[in-house]
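# Structural overview
Chain by chain, the residues run as shown.
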Amino acid sequence: MLTYEPDATLAHRLDPRTKLAVQIGFAATALAHTTPRSLAVLSAVTAIVLFSAHVSIRRTLVDYRFALLILALAPLIAGVTLGAPWFDTADAIASGLASYRVLLILLVSAAYVRSTPVRDSRAAIQRTIPGKPGQLLGIGVALVFRFLPVLQADLRTIREAMAARLGTKRSAVDRASTIGILGLTRAFDRADRLSLALQARCFAWNPTLPPLAFSRLDYPVLVLAVALAFSAFV
Amino acid sequence: MIEFESVSYAFEDVPVLENVSLSIDDGKFVLLAGGNGSGKTTLLRHCNGLLEPDSGDVLVDGTPVAEDLIAARSSVGMVFQHPRDQFVAATVGADVAFGPENLGLERREIDRRVTAALEAVNMAGREDDRIDALSGGEQSRVAIAGALAMEPTHLVLDEPFTGLDEPARRSVLDRLESLAADGTGVLLATHDLRDVCGLADRIIAMRDGCVAVDGPPAAALAELEGLEVRVPGR
Amino acid sequence: MIEFESVSYAFEDVPVLENVSLSIDDGKFVLLAGGNGSGKTTLLRHCNGLLEPDSGDVLVDGTPVAEDLIAARSSVGMVFQHPRDQFVAATVGADVAFGPENLGLERREIDRRVTAALEAVNMAGREDDRIDALSGGEQSRVAIAGALAMEPTHLVLDEPFTGLDEPARRSVLDRLESLAADGTGVLLATHDLRDVCGLADRIIAMRDGCVAVDGPPAAALAELEGLEVRVPGR
Amino acid sequence: MATERNSVDLVDDTVVRQFARAAVLAALIGASVLVSIPIPLSPAPITLQVLFVFLAGLVLGPIWGPFSVLLYLTTGAVGLPVFAGMKGGLGVLIGHTGGYLWSYPIAAALIGVVVHRGTALRDLRTVPLSLVVGALVMATILIYGLGTAYMAWLLEYTAWEAITAGVLPFIPGEILKIAAAVAIVRSGRITPVRS
Ligand SMILES: Nc1ncnc2c1ncn2[C@@H]1O[C@H](COP(=O)(O)OP(=O)(O)OP(=O)(O)O)[C@@H](O)[C@H]1O
Ligand SMILES: Nc1ncnc2c1ncn2[C@@H]1O[C@H](COP(=O)(O)OP(=O)(O)OP(=O)(O)O)[C@@H](O)[C@H]1O
Ligand SMILES: O=C(O)CCCC[C@@H]1SC[C@@H]2NC(=O)N[C@@H]21
Ligand SMILES: [Mg+2]
Ligand SMILES: [Mg+2]
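Residues numbered from 1 in each chain as written. Chains lettered and ligands numbered in written order. Predicted model: local features only at pLDDT ≥ 70, side-chain atom pairs only at ≥ 80, totals over all residues. Heavy atoms only, no water.

## A closer look at the overall build of chain A
- Within chain A one finds ten helices and zero strands.
- The N-to-C order of helical and strand elements in chain A reads α-α-α-α-α-α-α-α-α-α.
- Considered along the principal axes of its C-alpha atoms, chain A spans approximately 60 × 55 × 30 Å.
- Looking at chain A residue by residue over its 234 residues, the buried ones come to 54%.
- Within chain A, contacts between residues separated by at least 24 positions form 75% of all contacts whose residues are at least 6 apart in sequence.
- As presented, chain A carries roughly 10100 Å² of accessible surface, and 69% of it is formed by carbon and sulfur atoms.
- Of the charged side chains in chain A, 25 are positive and 13 negative, and the gap between their average positions amounts to 5 Å. (Helix = DSSP H or I, 4+ residues; strand = E, 2+ residues; numbered from the N terminus. Buried < 20%, exposed > 50% of the residue type's maximum accessible area, 1.4 Å probe, protein only. Contact = heavy atoms within 4.5 Å. Areas by Shrake-Rupley, 256 points an atom, 1.4 Å probe, with all protein chains shown as cover. Lys, Arg positive; Asp, Glu negative; His and termini not counted. Charge placed at Lys NZ, Arg CZ, Asp CG, Glu CD.)

Structure below.
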């Protein structure tokens, strides 16, 4: 699975806001252009981005194999017609090019995922989105990061608790509904206890934010991001 | 009898148990001591197949656990380190009855066992209480009752005295003693040997995933120096 | 100083605290004893406004908690009975830093406190460990560190020694002793008075939601008969 | 010390309570994608996300429900593997299932507004069943409308192609999810925070 990995690549050293800007600029221009020529240019940009984060294209494509399959399927669905000629090649090609750009967008965001720890993303959100919503979204991201494995583990624990006392002997429906209801109530119990923990630890609107600063490296990349965004209009 | 034959286990790539061999005879009261992170919980979870060894074998009454999980789980009762992980129902009575129900017992026998188990932990008459409205120590008691009600031939307890008050602790200890006298094998993990080591037939102490000390109390106590365990007189 | 003035509290219609009055002076080490369900946790949760009394008043440093929650929450640090209820971040370092961050301290000071708190619980250098991958006792230690790092003027601990091994328990006790000596008010709920009552300035014991005994250790110990608490020599 | 404390601006307790629920529910939506069943008929897999979007609107209401879903989208955007098939990244939000994802917060808001009629949350057991079901059906229509429209635009499908690929295969599943959501809130095990 594609997740953050500590490293010292160019992408790892960039400010998360710069990397977000690049993704947005890239997506904007990719959504605007589907000619083979522009897709060739965008492919080159994608390759550079992936290289700068040491993302292995092969591993990423394996991770995204399902999305790939889907995107390969898209032109077929688009090409099939209800009457003669049964298959419209022009439609299929148009859809094929359109889904190829979606693949490029996915790959570019893979570079961000590989190179950005949650702490950085949280800091970027809190510094970019003003006021209380930004604050809550930032902390919220950190909390989801904590609770995602916890809730997954809860489901495992419930299954273990049932297994340890031979719950495996019950019917599948009985087991599934126990796991479902228990998993859900446990999650909401956790939320209510989390709110006590936040209160006890002085959860405030104006905490010290994680450190974050643009470096010299960021400016040229930001210029690139802006250029990409503007190229959407040409 | 529960036997470990050169069992090793690692979480991902961190080794936690290394080449552990031991056996717990029926009718013996065995203590499992060791510092935080020494591998006690990991060891106990092998006894009923919640974890499977990476190498080596765990046998219950002569059969490898993996070969007959149902047999292992009906003869090994387990109290989890965190009582809340163990609950599968919303009320005390329903939770304690869960195991006996899965054993396919008659309703009369189930009720008898639930009552007896709740008495042993000083929670008689609390069948209809909601588990999430109990205090911490009361929850620990219900977790113990859940395992007792299965009347297993081996009982494995992971720091079961957490949060128990004095009469409850006394009562559970008495019950464990009389169970052992009647032939149940009891394996109890704890940090504090001070007043249980008088009851034990044997003490096993772990360090860094290995069995460091294993023997009758008198001999074992002398060797526990440096093992991060509380002993009488220290 | 933390003061309770005839505080009563009921969960729905079940009375849990009845007319509790007491005060905890700065620099005193006070033990709170009592059987399961006697109301210790409920009482402690009033100290920083996690619960509000149905009648009566709780004052921190002379101000009613409800009137100035900020003061109460930043000056009363709390360790929960279940360490896992207390975590708000995915890694040890991020969790311990959460309190100081919300107090708006400078990054340097935050880092200093995190390091010091982790040292006090024998977890130095474990900042980047994932909390979910810690053993039970290691989690208890991190929970204590989270409260210590807030450097509160009152410290409230609900059975903090749960699952701690001997060196960690010793280290935490030492830290509590030296904090009390430096003026922090320490209120520690526990079932086992055996080796802490030598350190205490005062013992409060509860029964059925009322304060049953309150006084210096020597006098209190003599009155604890029948109060479901472990005392030395019993 | 005193000045330092005065500068702390505590988050209100009722806000904390709803916020904590929103965060945990966002994590729950993310955990639910462990079950993603690819189907050959469609570029989108079968998932349980919509069930939790329903619960967000029903249990958290018109403000915190959409917030929770928005938080889910944000964590996905910054790379947590919370989207279908355990994927993450801003790209997914722009990709072929992006329309569905963007419709989720709007759907949660719609359910919250219809069911609770305002920011003070109602006890769900007192809300007429028809209103709950009606809200869920409207939300479903919204999700599929936006989801398929975006997919059709992005992948250059005609309207009919988009409907066969983006709507029809999911209808039976959607009926089950509505039934499950209704059963859960009627059971009374999970209730909105009422102040
Ligand atoms: N899920 C997990 N993933 C990775 N490592 C783990 C996991 N669970 C435990 N560990 C590690 O395995 C080691 C042994 O853990 P275990 O829980 O068996 O210790 P223990 O002896 O029961 O400790 P305690 O007295 O604190 O309960 C610890 O160092 C812990 O960090
Ligand atoms: N959320 C709740 N709803 C209803 N009743 C509760 C709730 N929490 C606690 N109680 C009841 O209040 C009483 C006191 O609980 P409390 O947790 O304060 O006890 P305690 O002294 O901390 O016990 P322990 O030593 O077991 O931790 C118990 O009888 C418990 O059943
Ligand atoms: O990439 C994602 O995470 C979004 C997947 C969208 C799945 C859609 S939502 C409506 C429909 N019903 C399903 O079960 N799956 C699709
Ligand atoms: Mg353990
Ligand atoms: Mg308690």
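Having seen the model, we can carry on.
## Here we look at the sheet that holds strand β6 (residues 76-79) of chain B
Residue and element names in this part refer to chain B.
- What the six strands build is an open sheet, ordered β6-β7-β8-β3-β9-β10; its pairing is mixed. Single-partner strands in this sheet number two, and they are β6 and β10 (210-215). Adjacent strand axes in the sheet meet at a mean angle of 15 degrees when their direction is disregarded.
- Sheet topology note: the strand β7 (residues 154-158)/strand β8 (residues 185-189) ladder contains five bridges and is parallel. The residue bridging Leu 157 from the neighbouring strand is Leu 188, located in β8.
- Running at roughly 175 degrees to β6, helix α5 (residues 136-148) makes contact with β6 and β7 of the sheet. (Pairing = 2+ DSSP bridges. Axes fitted to C-alpha atoms, helices over the stretch in contact; angles between N-to-C directions.)

## Details of the coordination of the magnesium ion (ligand 4)
Residues and elements named next belong to chain B.
- Ligation of the magnesium ion (ligand 4) by protein atoms is provided by Thr 41 (OG1) and Gln 81 (OE1), these donors lying 1.9 to 2.2 Å from the ion. Of the two residues, Thr 41 is situated in helix α1 (residues 40-44) and Gln 81 in the loop between β6 and α3 (92-102); the sequence distance between them amounts to 40 residues.
- Exposure remark for Thr 41: the relative accessible area of 26% places this residue in the partly exposed category.
- A residue is classified by how much of its surface remains accessible, and Gln 81, at 14% relative accessible area, is buried. (Donors = N, O, S within 2.8 Å, 3.2 Å for Na, K, Ca; no water.)

## As for the site of ligand 1
- Neighbouring residues of ligand 1: 19 residues in total, closest B:Lys40, B:Thr41, B:Thr42, C:Ser135 and C:Gly137.
- Two or more chains meet at ligand 1, and those chains are chains B and C.
- Here B:Gly39 contributes a backbone N or O atom positioned 2.9 Å from an oxygen atom of ligand 1.
- Residues that form the shell around ligand 1 fall into these classes: four nonpolar, twelve polar and three charged. (Near = heavy atom within 4 Å. Polar contact = N/O pair within 3.5 Å; in protein donor to acceptor, adjacent residues only side chain to side chain. Nonpolar A, V, L, I, M, F, W, Y, C, P; charged D, E, K, R; others polar.)

## A short note on the interface of chain D and chain A
- Listed by partner, the interface residues are 63 residues for chain D and 61 residues for chain A.
- Both faces considered, chain D and chain A share a buried interface measuring about 5400 Å² in area, 78% of it formed by carbon and sulfur atoms.
- Our count for the chain D to chain A interface comes out at two salt bridges.
- Where D:Arg21 meets A:Asp192, a salt bridge forms, and the shortest distance between an N and an O atom there is 3.2 Å.
- Summed over the shared surface of chain D and chain A, the number is nine residue pairs in polar contact (both at pLDDT 80 or more).
- The greatest single-element share of the side of chain D that touches chain A, amounting to 15 residues, is contributed by helix α2 (residues 13-32) of chain D.
- Residue composition of the side of chain D that touches chain A, by class: 44 nonpolar, eleven polar and eight charged. (Buried area = accessible area lost by both parts, 1.4 Å probe. Salt bridge = Lys/Arg side-chain N within 4 Å of Asp/Glu carboxyl O.)

## Digging into the domain arrangement of chain A
- Annotation of chain A at the domain level lists domain 1 (10-117 + 211-231) and domain 2 (130-200).
- Taken over C-alpha atoms, the centre of domain 1 of chain A sits 34 Å from the centre of domain 2 of chain A. (Domains from an automatic or database assignment.)

## Brief notes about the pattern of salt bridges
- Per the stated rule, a full pass over the model turns up 44 salt bridges over all chains.
- A salt bridge links C:Asp165 to C:Arg141; its shortest N-O distance comes to 3.2 Å. With C:Asp165 in the loop between β7 (154-158) and α6 (166-181) and C:Arg141 in helix α5 (residues 136-148), this pair connects stretches of sequence that are 24 residues apart. Judged on exposure class, the residue C:Asp165 and its partner C:Arg141 are both buried.
- Each of the salt bridges in this network shares a partner with another, and the network as a whole consists of A:Glu5, A:Asp7, A:Arg59 and A:Arg114.

## Some details on the site of ligand 2
- Near ligand 2 you find 19 residues, and of these B:Ser135, B:Gly137, C:Lys40, C:Thr41 and C:Thr42 are the closest.
- This site is not confined to one chain, since residues near ligand 2 come from chains B and C.
- Contact between ligand 2 and B:Gly137: an oxygen atom at 2.7 Å from a main-chain N or O atom of the residue.
- C:Gln81 places a polar side-chain atom, nitrogen or oxygen, 2.9 Å from an oxygen atom of ligand 2.
- Those elements giving two or more residues to the shell around ligand 2 turn out to be α5 of chain B together with α1 (40-46) of chain C.
- When the residues that make up the shell around ligand 2 are grouped by side-chain class, the tally is four nonpolar, twelve polar and three charged.

## Side note on the packing of helix α3 (residues 49-77) of chain D against helix α6 (residues 129-155) of chain D
Residues and elements named next belong to chain D.
- Interaxial distance between α3 and α6 falls to 11 Å at its minimum, and their mutual angle equals 130 degrees. Here α3 is positioned oblique relative to α6, judged by the angle of their axes. Every pair of crossing elements has a handedness; the one defined by α3 and α6 is right-handed. Residues Val 50, Phe 54 and Leu 58 of α3 pack against Val 132, Leu 136, Ala 139, Thr 140 and Ile 143 of α6.
- Taken together, the residues of the contact of α3 with α6 break down into seven nonpolar, one polar and no charged. (Parallel < 35°, antiparallel > 145°, perpendicular 65-115°, else oblique. Left-handed = near helix turned anticlockwise from the far one by under 90°.)

## Things to note about the interface of chain C and chain D
- In this assembly, ten residues from chain C lie in contact with five residues from chain D.
- Summed over both partners, the interface of chain C with chain D buries about 760 Å², with 58% contributed by carbon and sulfur atoms.
- Considering only the side of chain C, the residues that lose the most area to chain D are C:Ile70, C:Arg73 and C:Leu103, jointly responsible for 50% of the buried surface there.
- Remark: the boundary between chain C and chain D carries one salt bridge.
- Put simply, C:Arg73 and D:Asp13 hold a salt bridge, and the shortest N to O gap is 3.2 Å.
- Run the count over chain C and chain D and you get one residue pair in polar contact (both at pLDDT 80 or more).
- Of the residues forming the side of chain C that touches chain D, the biggest block, five residues, is contributed by helix α2 (residues 69-75) of chain C.
- Class assignment of the residues belonging to the side of chain C that touches chain D gives a composition of four nonpolar, five polar and one charged.

## Quick look at a nonpolar patch on the surface
- A cluster of nonpolar side chains, namely D:Trp160, D:Ile163, D:Leu168, D:Ile171 and D:Ile175, defines an oily patch on the protein surface of about 480 Å² accessible area.
- Secondary-structure assignment places D:Trp160 in helix α7 (residues 159-166). (Patch = residues over 30% accessible without salt bridge, like charges linked within 9 Å, V, L, I, M, F, W, Y side chains within 5 Å.)

## Digging into the UniProt feature "transmembrane region" (unreviewed entry) in chain A
Residues and elements named next belong to chain A.
- Here, the residues flagged by UniProt with the feature "transmembrane region" (unreviewed entry) are residues 39-57, 66-87 and 93-113.
- For residues 39-57, the end-to-end C-alpha separation is 17 Å, with 79% helix and 0% strand making up the annotated structure.
- For residues 93-113, helix accounts for 100% and strand for 0%, while the C-alpha atoms at its two ends are 31 Å apart. (UniProt positions renumbered as here; feature names shortened; annotations may be inferred.)

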